[in-house]
Amino acid sequence: TGRGVVEYAGGSTGVSLAMVCAPKGYELSLVSSDAFSIEKRSQMEAFGAELTLVPSADGRMDESLTRAMIDAARRIQERTGAFWTDQLNNAEQLPADHRMGEEIWAQTRGRVDAFVHSNGTAASSRGVSEALHRRAPEIHCVAVEPSESAVLSGGASGAHKIEGVGAGFVVPLWDPSAIDEIA
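Conventions we followed
- Every chain begins its residue count from 1, and numbering advances along the sequence as written.
- Only residues with pLDDT of at least 70 are given local features in this predicted model, and only at 80 or more are side-chain atom pairs given and counted; all residues enter the totals for whole chains, interfaces and linings.
- With hydrogens and water excluded, all non-hydrogen atoms of the structure serve as input to the side-chain values.
- When DSSP locates at least two bridges between a pair of strands, those strands are taken to pair.
- Note on conventions: DSSP H or I runs of at least 4 residues are helices, E runs of at least 2 residues are strands, and numbering of each starts at the N terminus.
- Between two residues, a contact is recorded if the distance between any of their heavy atoms is within 4.5 Å.
- Axis geometry follows a simple rule: fit a line to the C-alpha atoms, using only the stretch in contact for helices, then measure angles between N-to-C directions, giving values from 0 to 180 degrees.
- A pocket here means an open set of points on a 1 Å grid, computed over the protein atoms alone, that has protein on both sides within 12 Å along at least five of seven lines. A cavity is instead a set of points where a 1.4 Å probe fits but cannot get out; residues with an atom within 4 Å of a point line either one.
- Grid points are joined across faces, edges and corners, and a volume is the space filled by probe spheres set on the points.
- Following the grouping adopted for this structure description, the nonpolar residues are Ala, Val, Leu, Ile, Met, Phe, Trp, Tyr, Cys and Pro, the charged ones are Asp, Glu, Lys and Arg, and the polar ones are all others, Gly among them.
- Nonpolar cores are built from buried Ala, Val, Leu, Ile, Met, Phe, Trp, Tyr and Cys residues. Side-chain atoms within 4.5 Å join them into one set.
- To sort residues, take the accessible area from a 1.4 Å probe on protein chains only and compare it with the maximum for the residue type: under 20% means buried, over 50% means exposed, and anything in between is partly exposed.
- Here a helix's expected span is defined as the number of its residues, less one, multiplied by 1.5 Å.
- Within this analysis, the arc is defined by the directions that extend from the helix axis to the C-beta atoms.
- Within 6.5 Å between ring centres, the rings of Phe, Tyr and Trp (the latter by its six-membered ring) count as paired, and their orientation is classed by plane angle as stacked under 30 degrees, edge-to-face over 60, tilted in between.
- Two thresholds decide whether a charge sits over a ring: the Lys NZ or Arg CZ must be within 6 Å of the ring centre and within 35 degrees of the ring normal.

Caption draft 1: Summary view of the sheet that holds strand β1 (residues 5–8). Strand order across the open sheet formed by four strands is β3-β2-β1-β4, with parallel pairing between neighbours. In this open sheet, the two edge strands, each paired with only one partner strand, are β3 (50–54) and β4 (83–84). Here β1 pairs with β4 via two bridges, running parallel. Looking at β4, one finds that V6 is bridged to W84. Strand contacts of helix α3 (residues 63–80): β1, β2 (28–33), β3 and β4, with the helix running at about 160° to β2, the strand carrying the most contacts.

Caption draft 2: Representation of unusual backbone geometry in the model. Positive phi outside glycine occurs at D86, with the angle close to 45°. Mapped onto the secondary structure, D86 falls in the loop between β4 and α4 (94–107).

Caption draft 3: Representation of empty space enclosed by the protein within the structure. Going through the model one piece at a time under the given rule, you end up with one cavity of 30 Å³ or more. For the largest cavity, the full set of lining residues is N119, G120, E145, S149, V151, L152, G166, A167, F169 and V171. Its residues placed into classes, the lining of the largest cavity shows five nonpolar, four polar and one charged.

Caption draft 4: Spotlight on the nonpolar core. Formed by 28 residues in total, the largest nonpolar core has its most connected members in Y8, V31, M69, V171 and W174. The set of elements that each furnish at least two residues to this core consists of β1 and α3. Other than its neighbours up to four places away in sequence, M69 contacts Y8, A9, V31, S32, S33, F36 and V54. Counting ten residues, the second-largest nonpolar core is a separate cluster that includes L17, M44, A49 and L51.

Caption draft 5: Highlighting α3. Compared with an ideal rise of 1.5 Å per residue, which puts 18 residues at 26 Å, α3 spans 26 Å between its outermost C-alpha atoms and is within 8% of the ideal. Among the residues of α3, those classed as buried are L65, T66, M69, I70, A72, A73 and I76. Down the axis of α3, the buried side of the element spans an arc of 160°, and every buried residue falls inside it. When the buried face of α3 is taken as reference, the exposed residues oriented beyond 90 degrees from it are S64, R75, E78 and R79. The inward-facing, buried residues of α3 contact β1, β2, β3 and β4. Phi turns positive one or two residues past the end of α3, at G81, with a value near 75°.

Caption draft 6: Looking closely at the environment of A114. Within the secondary structure layout, A114 lies in strand β5 (residues 114–118). Distance from A114 to V142, taken between C-alpha atoms, is 7.6 Å for residues 28 residues apart in sequence. Not counting chain neighbours up to four residues away, the residues in contact with A114 comprise I139 and H140.

Caption draft 7: Spotlight on the packing of aromatic side chains. Considering all chains together, one arrives at one aromatic pair under this definition. When the centroid spacing of 6.2 Å and the interplanar angle of 75° are considered together, the rings of Y8 and W84 count as edge-to-face. Taken together, the residues span a long stretch of sequence, with Y8 in strand β1 and W84 in strand β4 at a distance of 76 residues. The lysine or arginine in question, R67, covers the ring of F169, its NZ or CZ lying 3.8 Å from the ring centre.

Caption draft 8: Structural detail: the layout of surface pockets. Here the largest pocket is characterised by a volume of approximately 900 Å³. If you list the elements that add at least two residues to the lining of the largest pocket, you get β1, α1 (12–24), α3, β5 and α5 (123–135). Taken together, the residues of the lining of the largest pocket break down into 15 nonpolar, 19 polar and four charged. Considering only enclosed or pocket space, the second largest pocket measures out at about 180 Å³ in volume. Lining the second largest pocket are 15 residues; nearest its centre among them are E27, L28, S29, E50 and T80. Broken down by secondary-structure element, the contributors of at least two residues to the lining of the second largest pocket are β2, β3 and α3. Among the elements that line the lining of the second largest pocket, the one with the most residues is α3, at three residues. Its residues assigned to classes, the lining of the second largest pocket comprises four nonpolar, seven polar and four charged.

Right, here's the structure in full:
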């Protein structure tokens, strides 16, 4: 295996990986889509990422697009031997989100009534909520999902234009026990 990294990403994860990989000299292959802004894709490329674009249906995010991006990343990983960060299955991000919850608690001096977070990989929603609930179980934690694809609340999978959220299926890191409400 080489020093390469691969991931499927629509924005913040891809940009973050590109910012980390560039100074380390790691080759970065990102799978993205025209469903995500040209500005985000351009930023990833500006940091040296090689982009593979998966076409969307009318610029909308849906389950088939998410799964196609995952499959494309898997094929790149198999072909190149690159390290695949696999954000939807990578529980190693949860400790960082626990620390983010602790930081929110510290910076607010414990004056937190609610935490509301849009749900993508589920790691941030889950991790921050777990940390805040350890501090004060009465904090109301809300995970937000697109109304057009409200799968976490039992609705049908659908297409939407909200970048970075709503994979179109219940993601592996989702844990409803950490969340008080889905909106």
